[in-house]
Amino acid sequence: MSALLELEHLSVTFETPQGPVHAVQDVSLTIEGGSIVGLVGESGCGKSTLGRAILRLLPENATVAGSVRFAGRDVLALSPKEIRDLRGRNLAMIFQDPMTRLNPLMRIRDHFIETIRAHNPAVRQGQALERAKKVLADVRVPSDRLGMYPHELSGGMRQRVMIALCLLFKPALLIADEPTTALDVILEAQILQLLQSIMHEYSMSVLLITHNLGLVAEFSDRVAVMYAGRIAEEGATPPLFREPRHPYTQGLLRSVIDLETTSLYSVPGEPPSLLGETAGCPFYPRCDKRMAVCETVYPEPRLVGEDHRKVACHLY
Amino acid sequence: MTEPLLEVRDLKVYFPVFSGFVQRLLGGGDARVHAVDGVTFSIAEGEVFGLVGESGCGKSTIAKTLVGLVRATSGQLLFRGEDVTRPDPKTLFRLRERIQLIYQDAHAALSPAMTVGEAIADVLRTHGLPGPSGNRVQTKSEDAIREAVYRTFDDVGLRPPAFYYNKYPDELSGGQKQRVVAARVLALRPQLIVADEPVAMLDMSVRARMLEFLMELKAKYHLTYLFITHDLATAKFMCDRIGIMYLGRIVEMGRASTIYADPKHPYTKALLEAIPIPDPERKTKKILPRGEVPNAVWPPAGCRFHPRCPAVLASCGWEGRDVIALLEERWLSPELAEREALAGPVKEWEADGLIARRQMGKTDPGPVYDLIRRILLESGGPMAGAVRKVSIEGTVVVVEFRPPDLLVPKEAEGRVVECLLY
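Since this is a predicted model, take the numbers as computed values, not measurements.

Engineer: Any chance you could break down the sheet that holds strand E6 (residues 99-102) of chain B for me, citing the residues and the numbers?
Structural biologist: All names here are of chain B. The strand order E6-E9-E10-E3-E11-E12-E18-E17 describes an open sheet built from 8 strands, whose pairing is mixed. Of all strands in the sheet, those bounded by a partner on one side alone are E6 and strand E17 (410-412). Direction aside, neighbouring strands of the sheet carry axes that sit 20° apart on average. In this structure, strand E3 (residues 48-53) lies alongside strand E10 (residues 224-229), joined through 5 bridges in parallel fashion. From the neighbouring strand, Leu 51 faces E10, where its bridge partner is Ile 228. The strands touched by helix H3 (residues 89-98) are E6 and strand E9 (192-196); relative to E6, the strand with the most contacts, the crossing angle is about 60°. Here helix H8 (residues 204-221) sits on the sheet and contacts E3, E6 and E10; the angle it forms with E10, its principal contact strand, is near 160°.

Engineer: So what about the environment of Gln190(A)? Which residues, and what values?
Structural biologist: Residue placement: Gln190(A) occurs in helix H6 (residues 185-201). Judged by relative accessible area, which is 11%, Gln190(A) ranks as buried. C-alpha of Gln190(A) to C-alpha of Gly156(A): the two residues are 34 residues apart in sequence and 8.8 Å apart in space. Here Gln190(A) is in contact with Arg160(A), Leu288(B), Pro289(B), Arg290(B), Gly291(B) and Arg308(B), once residues within four sequence places are set aside.

Engineer: Before we move on, could you go through the pattern of salt bridges and cite the residues and values that matter?
Structural biologist: Counted under the stated rule, the structure contains 39 salt bridges over all chains. Linking Lys133(A) and Glu130(A) is a salt bridge whose minimum nitrogen-to-oxygen distance equals 3.9 Å. Taken together, the residues Lys133(A) and Glu130(A), both in helix H4 (residues 125-138) and 3 residues apart, mark about one turn of the helix. On the basis of relative accessibility, which here comes to 37%, the residue Lys133(A) falls in the partly exposed class. The residue Glu340(B) makes a salt bridge to Arg330(B) at a minimum N-O spacing of 2.6 Å. You can see Glu340(B) sitting in the loop between helix H13 (334-339) and strand E13 (349-352) and its partner Arg330(B) sitting in helix H12 (residues 320-330), a full 10 residues away along the chain.

Engineer: Any chance you could break down the layout of surface pockets for me, citing the residues and the numbers?
Structural biologist: Roughly 1,900 Å³ of internal volume is contained in the largest pocket. Lining of the largest pocket is provided by 48 residues; of these, Arg145(A), Gly291(B), Glu292(B), Ala325(B) and Glu328(B) occupy positions nearest its centre. Elements that contribute at least two residues to the lining of the largest pocket include exactly helix H5 (155-167) and H6 of chain A together with H12 and helix H15 (382-385) of chain B. The greatest single-element share of the lining of the largest pocket, amounting to 8 residues, is contributed by H12(B). Partitioning the lining of the largest pocket into residue classes produces 23 nonpolar, 9 polar and 16 charged.

Engineer: Describe the state of the cysteines, naming the residues involved and giving the relevant values.
Structural biologist: The full count for this structure, using the stated rule, is 0 disulfides over all chains. Here Cys281(A) is not cross-linked by a disulfide; its sulfur's nearest cysteine counterpart is in Cys294(A), at 6.2 Å.

Engineer: Help me get a handle on the sheet that holds strand E14 (residues 355-359) of chain B, residues and values and all.
Structural biologist: Residue and element names in this part refer to chain B. Pairing within the open sheet is antiparallel, and its 4 strands lie in the order E13-E14-E16-E15. Two strands close off the open sheet at either side, each with one partner strand: E13 and strand E15 (387-393). Averaged over all adjacent pairs, the angle separating strand axes in this sheet is 15°, with direction ignored. Across 6 bridges, the pairing between E15 and strand E16 (residues 396-401) is antiparallel. From the neighbouring strand, Lys 389 faces E16, where its bridge partner is Glu 400. Together, E13, E14 and E16 form the strand contacts of H12, whose direction differs from that of E13 by roughly 150°. Its contacts with the sheet put helix H14 (residues 366-379) on E13, E15 and E16, and the angle it makes with E15 is roughly 165°.

Conventions we followed
Residues numbered from 1 in each chain as written. Chains lettered and ligands numbered in written order. Predicted model: local features only at pLDDT ≥ 70, side-chain atom pairs only at ≥ 80, totals over all residues. Heavy atoms only, no water. Pairing = 2+ DSSP bridges. Helix = DSSP H or I, 4+ residues; strand = E, 2+ residues; numbered from the N terminus. Axes fitted to C-alpha atoms, helices over the stretch in contact; angles between N-to-C directions. Contact = heavy atoms within 4.5 Å. Buried < 20%, exposed > 50% of the residue type's maximum accessible area, 1.4 Å probe, protein only. Salt bridge = Lys/Arg side-chain N within 4 Å of Asp/Glu carboxyl O. 1 Å grid on protein atoms, 1.4 Å probe; cavity = no way out; pocket = protein on both sides within 12 Å on 5 of 7 lines; lining within 4 Å. Points joined across faces, edges and corners; volume = space filled by probe spheres on them. Nonpolar A, V, L, I, M, F, W, Y, C, P; charged D, E, K, R; others polar. Disulfide = S-S within 2.5 Å.

Okay, here's the thing in structure tokens:
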């Protein structure tokens, strides 16, 4: 196993009229080849911004610091042409709502032809459609859908088409940002099972960005828990769920309502604003194990325990 | 037995589909979305009844019908025994004092141009103040109205009320906005609250707080809830009784504890199985239903779940279009598609009720007839058992099904199930 993606001290700051918003702060994370890493957190924690930063898909008011290395290459230093080539070919991304990602005025076939020609202008239409049929069969979409418009497809079919578009160039890493949040529970499970089997077929890694702890538990090998722009805890999925160490992870897991819930729990307070500079641990105001030091000194993530878990908390 | 607070009898709500002029001339005129298609349930006073199902199953349409935002196509709604199916404006006005709705998005439910205090004062000016014996007292006294708003704010924990009165929704946090919405609902002292996905938009770490708040209100004001959700786990925690909905019908209904302990309908089982469990040690390969929820304009014959059901029988409602779906699924494999190209492509097949047919023109229908018989036997499963006959009529190959068995809701082990297995 080798590191496919390495984030080191990655920070993303948005300039806004109200001041700088520190959406991602000092994040270091490694994704090994052939694995699914879950990036989990609540709305506004910076998980989507992190995903976009990897592909350099951030708006102009964003400043990125730190480094993103993909297969040994420094992504942040690539020229616009090089990054365009990397996207789609080696690194692909799917989003929550496929309806807003597909062009409503273009037939499905034209999405495929356009995508293929963007990377390889010489490809003839017939060849492109053959490729399209092949990947569509892999995601179990009948090839007659090629002649249809996005609105003629069901929600599940649209997301399958999005995945197929990503698979055209057999990317090494797929960033899936809430890929099933717009779908119902049965469809969600179908799509994730599909992603899992395709991942093996295409020997692809997946960064699964989601708010859903259940999905992460079922589908990821490793998990990173984000809070207020930072990674609170990161490690292999089974031990992390068995014995969460960061008080936020503990609270989050306790607050999940599942079929075995007999009493309710919620983490007190609300997530902090990411506007302006902050000192100390961002979870300090809501933490039930807080100490004096937590208010002023940010706990640098450190390795804890035998499972090489990284935890950003003064308790360890 | 006491009279139920709310009774819904065989409720149907259909929405017209706007089709083009030519399409209507060609006979597409009766296309209607069967949003709710024969739903019966009742809610006793003080109960929490849950309607659970996936998007498009009709649960929110029922909510809207109850408060008169959508008209019932047929069926009956009784509130405390009074027929409120097609209320005149005056009855509707009074009905809304007794049935109130809480929506998913508290932010969208509040006017951004009105202070939250005014939002509630406005309701009280329109409907009057709640009187001592459930009556309503109209008042012109702004002081009395302001007093009443303060009391309601205090009731929902927005303290001190005077501090919140002049706030705009924009200035409040998500949790506070939900309390304002709750205050506006409670200001009328309703008897039934319809909560439509009240926690779906909330982050997990604060979701429990809203649910606890709803339960507190229930205890304090002796409320009855119709709790609408897609989340089976939340429903299990909140509801006394639940109805599982699929494509406009309730497929299983009974005490929540009974259904969760031992689900009977294959759809209920599928829903429960699909829920991701936040415990990596219990990872299992799930058996999921095939495909997606079909279009509610043309719901499947017989049991609506039959095309996807893992426990389907020959008598469940097989029809012509299921043959086309089978061929489509089968020919996803390029090898099979090539080997059976003779019977394809899929678009040459046409479905008409219980019949699927393919026009062969000048080609000999014999080989296609043989091939389709073989395909049905090989991979049709229970569908093959429902075939009345495969035949050649002139130049057309025809597959015809027997009509499905009659499907009615039945009592089975302490709940009502609509499934031929029971």
